[in-house]
Amino acid sequence: MSDVTEPPEPKYTHGHHESVLRAHRARTAQNSAAYLLPSLTPGLQLLDVGCGPGTITADLAGIVAPGRVIAIEPVPEALDLARDCARERGQHNIDFVVADVHALQFGDNSFDVVHAHQVLQHVADPVTALSEMRRVCKPGGVVAARDSDYAAFTWYPASAELDDWLQLYREAARANGGEPDAGRHLLAWAHAAGFTDVTPTTSASCFATPADREHWGGMWADRILQSAIAEQLLGSGAADQAKLQAISRAWRDWADHPDGWLAILHSQILCRV
């Protein structure tokens, strides 16, 4: 009998509701992977872990062409979104593969670059995931990861309902086996995975213009009522419909406030193999 414990089936806290995809499709290589771009040149082979709707993936594929990108997700349905994005952009150097980052089916030293954006906060074992990313990366290549840190989110004006939102989200993410405050752990996880040459940096997203507030606040006003996180909170009894409605209104109030401001801290690691 094996003593190896299989990681649990992934349970993605956000789900794939339109409100989630609205936010994720706004991501680009420039606004979400700028720390990695100086390491990219044409002809590289790149693995994109947890590609989501594929907007970052398609950008990266354009940069490394004629090199190829393999984009992975743990379930086929998620890959369909990225396929659609690549098709719409006419990006033909991307292959889409169902894979578990805890046990990648690719051989050792297969890729020049391995990239994961806002992924490690959701996986069952981030150290194992990074170890696998390291295994499939060629000597001299780079493993890159970026994750936000929910406990470091900050906004103005103060709101008790948004405080409730943050607490509920963090509790739900942990109930799914994730670590919502992943940003502060990235460097430690990289060291535990065996990396010795790690460049840690940070970046921030700011939502303060009327358009940015409408994007972020409107997205969360919808997401807290209709997406997978809403279903989870209601199903577990962590919140009732009245609580979620109050949080939704608070997000819209924040978006409408002329002084509304929100900042998200992201941690980034660039690991040389």
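Located above this text is the structure these notes cover.
What this report covers is the structure whose coordinates are included nearby.

What counts, and where the lines are drawn
Residues numbered from 1 in each chain as written. Predicted model: local features only at pLDDT ≥ 70, side-chain atom pairs only at ≥ 80, totals over all residues. Heavy atoms only, no water. Helix = DSSP H or I, 4+ residues; strand = E, 2+ residues; numbered from the N terminus. Rg over C-alpha atoms; globule rule 2.2 N^0.38 Å. Buried < 20%, exposed > 50% of the residue type's maximum accessible area, 1.4 Å probe, protein only. Contact = heavy atoms within 4.5 Å. Areas by Shrake-Rupley, 256 points an atom, 1.4 Å probe, with all protein chains shown as cover. Lys, Arg positive; Asp, Glu negative; His and termini not counted. Charge placed at Lys NZ, Arg CZ, Asp CG, Glu CD. Phe/Tyr/Trp six-rings, centres within 6.5 Å; stacked < 30°, edge-to-face > 60°. Arc of directions from axis to C-beta.

## Describing the overall build of the protein chain
Then, in step 1: Counting secondary structure elements, the protein chain contains 10 helices and eight strands.
Then, in step 2: By the compact-globule yardstick of 19 Å for 273 residues, the protein chain fits well, its C-alpha radius of gyration being 19 Å.
Then, in step 3: Taken along its principal axes, the extent of the C-alpha atoms in the protein chain is 50 × 50 × 35 Å.
Then, in step 4: With 273 residues in all, the protein chain has 52% of them scored as buried.
Then, in step 5: Long-range pairs, those at least 24 residues apart, make up 76% of the contacts in the protein chain between residues at least 6 apart in sequence.
Then, in step 6: Carbon and sulfur atoms provide 52% of the accessible area of the protein chain, an area that totals close to 12100 Å².
Then, in step 7: If you average the places of the 21 positive and of the 34 negative side-chain charges in the protein chain, the two averages end up 3 Å apart.

## Quick notes on the side chain of Gln121
Then, in step 1: Its location among the elements puts Gln121 in the loop between strand 4 (111–117) and helix 5 (126–135).
Then, in step 2: With residues up to four places along the chain from it excluded, the contact list for Gln121 reads Asp147, Ser148, Tyr150, Tyr169, Gly178, Glu179, Pro180 and Ala182.

## Some points on the packing of aromatic side chains
Then, in step 1: Applying the stated criterion to the full structure yields 11 aromatic pairs.
Then, in step 2: Ring geometry for Trp165 against Trp220: centres 5.1 Å apart, planes inclined by 70°, an arrangement best described as edge-to-face. With Trp165 in helix 6 (residues 160–175) and Trp220 in helix 8 (residues 210–226), this residue pair connects regions lying 55 residues apart in the sequence.
Then, in step 3: Exposure remark for Trp165: the relative accessible area of 1% places this residue in the buried category.
Then, in step 4: Classification of Trp220 as buried rests on a relative accessible area of 0%.
Then, in step 5: A centroid spacing of 6.2 Å and a plane angle of 80° characterise the contact between Tyr169 and Trp220, whose relative ring orientation is edge-to-face. Of this pair, Tyr169 sits in helix 6 while Trp220 is found in helix 8, placing the two residues 51 residues apart along the sequence.

## Description of unusual backbone geometry
Leaving glycine out, the prevailing phi sign among residues is negative, and the prevailing peptide bond configuration is trans.
Then, in step 1: With an omega of 10°, the peptide bond running from Ala65 to Pro66 counts as cis.
Then, in step 2: Here Tyr156 and Pro157 are connected by a cis peptide whose omega angle stands at -5°.
Then, in step 3: Counting through the fold element by element, Pro157 comes out in the loop between strand 6 (154–156) and helix 6.
Then, in step 4: One non-glycine residue, Gln118, adopts positive backbone phi at about 55°.
Then, in step 5: Along the chain, Gln118 turns up in the loop between strand 4 and helix 5.

## What to know about helix 5
In an α-helix, one turn spans 3.6 residues, which is why side chains three or four residues apart end up on the same side.
Then, in step 1: Restricting attention to buried positions, one finds in helix 5 the residues Pro126, Ala129, Leu130, Glu132 and Met133. In an axial view of helix 5, the angular spread of the buried residues amounts to 160°, which keeps them on one side of the axis.
Then, in step 2: Against strand 1 (46–49), strand 4, strand 5 (137–148), helix 7 (186–192) and strand 8 (261–272) lie the buried residues of helix 5.

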